[in-house]
Amino acid sequence: MTRPKRVPGEKPLFWTGSSKDDLLAFPEAVIDEIGTALSVAQFGGKHPSAKPWRGEGPGVFEVVEDNRGDTYRAVYTVKFESAVYVLHAFQKKSTRGIKDDTERCRADW
(Lines give C-alpha, C1' and ligand atoms only; values in the text may rest on other atoms or scores of the structure.)
Protein backbone atom coordinates (compact mmCIF):
# COMPACT_ATOMS: atom_id res chain seq x y z
CA MET A 1 0.00 0.00 0.00
CA THR A 2 2.95 2.31 0.45
CA ARG A 3 5.22 3.44 -2.36
CA PRO A 4 8.65 4.92 -1.69
CA LYS A 5 8.21 7.93 -4.02
CA ARG A 6 5.43 10.05 -5.39
CA VAL A 7 4.81 10.15 -9.11
CA PRO A 8 4.75 13.55 -10.89
CA GLY A 9 1.27 15.08 -10.57
CA GLU A 10 0.39 12.99 -7.53
CA LYS A 11 -0.83 14.86 -4.44
CA PRO A 12 0.38 13.56 -1.08
CA LEU A 13 -2.08 11.59 1.03
CA PHE A 14 -2.49 12.49 4.69
CA TRP A 15 -4.42 10.54 7.32
CA THR A 16 -6.31 12.12 10.23
CA GLY A 17 -6.86 10.47 13.59
CA SER A 18 -7.00 6.68 13.40
CA SER A 19 -8.22 6.59 9.79
CA LYS A 20 -5.18 4.71 8.44
CA ASP A 21 -5.21 2.08 11.19
CA ASP A 22 -8.97 1.71 10.79
CA LEU A 23 -8.66 1.22 7.03
CA LEU A 24 -5.88 -1.34 7.43
CA ALA A 25 -8.19 -3.40 9.67
CA PHE A 26 -10.63 -3.87 6.76
CA PRO A 27 -10.62 -7.00 4.56
CA GLU A 28 -7.94 -6.98 1.82
CA ALA A 29 -10.46 -6.62 -1.01
CA VAL A 30 -11.92 -3.51 0.64
CA ILE A 31 -8.47 -2.03 1.28
CA ASP A 32 -7.59 -2.52 -2.39
CA GLU A 33 -10.77 -0.86 -3.67
CA ILE A 34 -10.61 2.10 -1.30
CA GLY A 35 -6.89 2.44 -1.97
CA THR A 36 -7.58 2.61 -5.70
CA ALA A 37 -10.21 5.33 -5.16
CA LEU A 38 -7.78 7.34 -3.02
CA SER A 39 -5.08 6.98 -5.66
CA VAL A 40 -7.44 8.34 -8.32
CA ALA A 41 -8.15 11.31 -6.03
CA GLN A 42 -4.43 11.92 -5.60
CA PHE A 43 -4.15 12.42 -9.36
CA GLY A 44 -7.10 14.82 -9.45
CA GLY A 45 -9.76 12.35 -10.56
CA LYS A 46 -12.91 10.93 -9.04
CA HIS A 47 -13.32 7.16 -8.80
CA PRO A 48 -16.75 5.84 -9.89
CA SER A 49 -17.44 4.59 -6.36
CA ALA A 50 -16.65 8.00 -4.78
CA LYS A 51 -19.79 9.97 -3.96
CA PRO A 52 -20.17 13.43 -2.45
CA TRP A 53 -20.44 13.29 1.35
CA ARG A 54 -23.74 14.97 2.17
CA GLY A 55 -23.68 17.83 4.61
CA GLU A 56 -20.03 18.82 4.25
CA GLY A 57 -20.15 20.77 1.01
CA PRO A 58 -18.10 20.33 -2.13
CA GLY A 59 -14.78 18.53 -2.03
CA VAL A 60 -15.64 15.91 0.60
CA PHE A 61 -16.30 12.39 -0.69
CA GLU A 62 -17.03 8.95 0.63
CA VAL A 63 -16.12 5.60 -0.86
CA VAL A 64 -18.47 2.77 0.06
CA GLU A 65 -17.45 -0.86 -0.38
CA ASP A 66 -19.49 -3.94 0.45
CA ASN A 67 -17.79 -7.19 1.39
CA ARG A 68 -19.50 -10.37 2.55
CA GLY A 69 -22.57 -8.58 3.80
CA ASP A 70 -20.66 -5.81 5.58
CA THR A 71 -20.31 -2.20 4.45
CA TYR A 72 -17.09 -0.22 4.78
CA ARG A 73 -16.61 3.50 4.21
CA ALA A 74 -13.79 5.97 3.87
CA VAL A 75 -14.33 9.72 3.88
CA TYR A 76 -11.76 12.02 2.31
CA THR A 77 -11.40 15.60 1.15
CA VAL A 78 -9.83 17.20 -1.88
CA LYS A 79 -10.66 20.74 -0.71
CA PHE A 80 -6.97 21.52 -0.40
CA GLU A 81 -5.06 22.04 -3.62
CA SER A 82 -1.83 20.51 -2.37
CA ALA A 83 -3.02 17.25 -0.73
CA VAL A 84 -5.75 14.66 -0.19
CA TYR A 85 -6.81 14.06 3.42
CA VAL A 86 -8.45 10.85 4.60
CA LEU A 87 -10.77 12.01 7.36
CA HIS A 88 -12.33 8.79 8.57
CA ALA A 89 -12.59 5.08 7.76
CA PHE A 90 -15.20 2.88 9.39
CA GLN A 91 -17.40 -0.15 9.09
CA LYS A 92 -21.08 0.72 8.88
CA LYS A 93 -22.65 -1.42 11.58
CA SER A 94 -26.04 0.16 12.09
CA THR A 95 -28.98 1.42 10.14
CA ARG A 96 -28.65 4.90 11.64
CA GLY A 97 -28.69 7.67 9.10
CA ILE A 98 -26.11 9.90 7.52
CA LYS A 99 -26.45 12.49 10.30
CA ASP A 100 -24.94 10.10 12.85
CA ASP A 101 -22.12 9.20 10.45
CA THR A 102 -21.36 12.88 9.82
CA GLU A 103 -21.25 13.65 13.53
CA ARG A 104 -18.92 10.70 14.15
CA CYS A 105 -16.59 11.85 11.37
CA ARG A 106 -16.53 15.43 12.66
CA ALA A 107 -15.49 14.13 16.08
CA ASP A 108 -12.42 12.53 14.47
CA TRP A 109 -11.40 15.66 12.53
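Residues numbered from 1 in each chain as written. Predicted model: local features only at pLDDT ≥ 70, side-chain atom pairs only at ≥ 80, totals over all residues. Heavy atoms only, no water.

K.L.:
Break down the overall build of the chain for me, with residues and values.
P.N.:
Per the secondary structure count, the chain includes three helices and five strands. Helices and strands in the chain line up, N terminus first, as β-α-α-β-β-β-β-α. Within the span of the chain, comprising 109 residues, buried residues form 39% of the whole. Carbon and sulfur atoms provide 52% of the accessible area of the chain, an area that totals close to 6500 Å². (Helix = DSSP H or I, 4+ residues; strand = E, 2+ residues; numbered from the N terminus. Buried < 20%, exposed > 50% of the residue type's maximum accessible area, 1.4 Å probe, protein only. Areas by Shrake-Rupley, 256 points an atom, 1.4 Å probe, with all protein chains shown as cover.)

K.L.:
Go over the packing of aromatic side chains, please, and point to the residues and values.
P.N.:
Under the definition given, this model contains four aromatic pairs. Taken together, a centroid distance of 4.8 Å and an interplanar angle of 55° make the contact between F26 and Y72 tilted. With F26 in the loop between α1 (19–24) and α2 (28–42) and Y72 in strand β4 (residues 70–77), the pair connects residues that are 46 residues apart, well separated along the chain. According to the relative accessible area criterion, F26 is buried, its value standing at 8%. Ring geometry for F80 versus Y85: centroids 5.3 Å apart, planes at 70°, classification edge-to-face. With relative accessibility at 47%, the residue F80 sits in the partly exposed group. (Phe/Tyr/Trp six-rings, centres within 6.5 Å; stacked < 30°, edge-to-face > 60°.)

K.L.:
Can you tell me about α2, naming the residues and giving the values?
P.N.:
Compared with the 21 Å implied by 1.5 Å per residue over 15 residues, the 21 Å span of α2 between its first and last C-alpha is a close match. Those residues of α2 not exposed but buried are V30, I31, I34, A37, L38, A41 and Q42. The buried residues of α2 occupy one face: seen down the axis, they fall within an arc of 145°. Packing partners of the buried residues in α2 comprise β1 (13–15), α1, β3 (60–67), β4 and β5 (84–92). Residue G44 follows α2 closely and has a positive phi angle near 90°. (Expected span 1.5 Å × (residues − 1). Arc of directions from axis to C-beta. Contact = heavy atoms within 4.5 Å.)

K.L.:
So what's going on with the pattern of salt bridges? Which residues, and what values?
P.N.:
A full pass over the atoms with the stated rule returns one salt bridge. With its nearest N and O atoms 2.8 Å apart, the salt bridge here joins E62 to R73. Note that E62 is positioned in strand β3 and R73 in strand β4, a separation of eleven residues in sequence. (Salt bridge = Lys/Arg side-chain N within 4 Å of Asp/Glu carboxyl O.)

K.L.:
Provide a residue-level description of unusual backbone geometry, including the pertinent values.
P.N.:
Its identity is not glycine, yet R68 carries a phi of approximately 50°, on the positive side. Tracing the backbone through its elements, the reader meets R68 in the loop between β3 and β4.

K.L.:
Tell me what's going on with the pairing of β4, and back it up with residues and numbers.
P.N.:
Within β4, seven of the eight residues are buried, which leaves the element mostly enclosed by the surrounding structure. The loop that links β3 with its antiparallel partner β4 comprises two residues; one of these, R68, has a positive phi angle of about 50°. With seven bridges joining them, β4 and β5 adopt antiparallel strand pairing. Bridge pairing in β5 places T71 opposite K92. Between β4 and β5, which pair antiparallel one after the other, the connecting turn spans six residues. (Pairing = 2+ DSSP bridges.)

None of this, on its own, says anything about what the molecule does.
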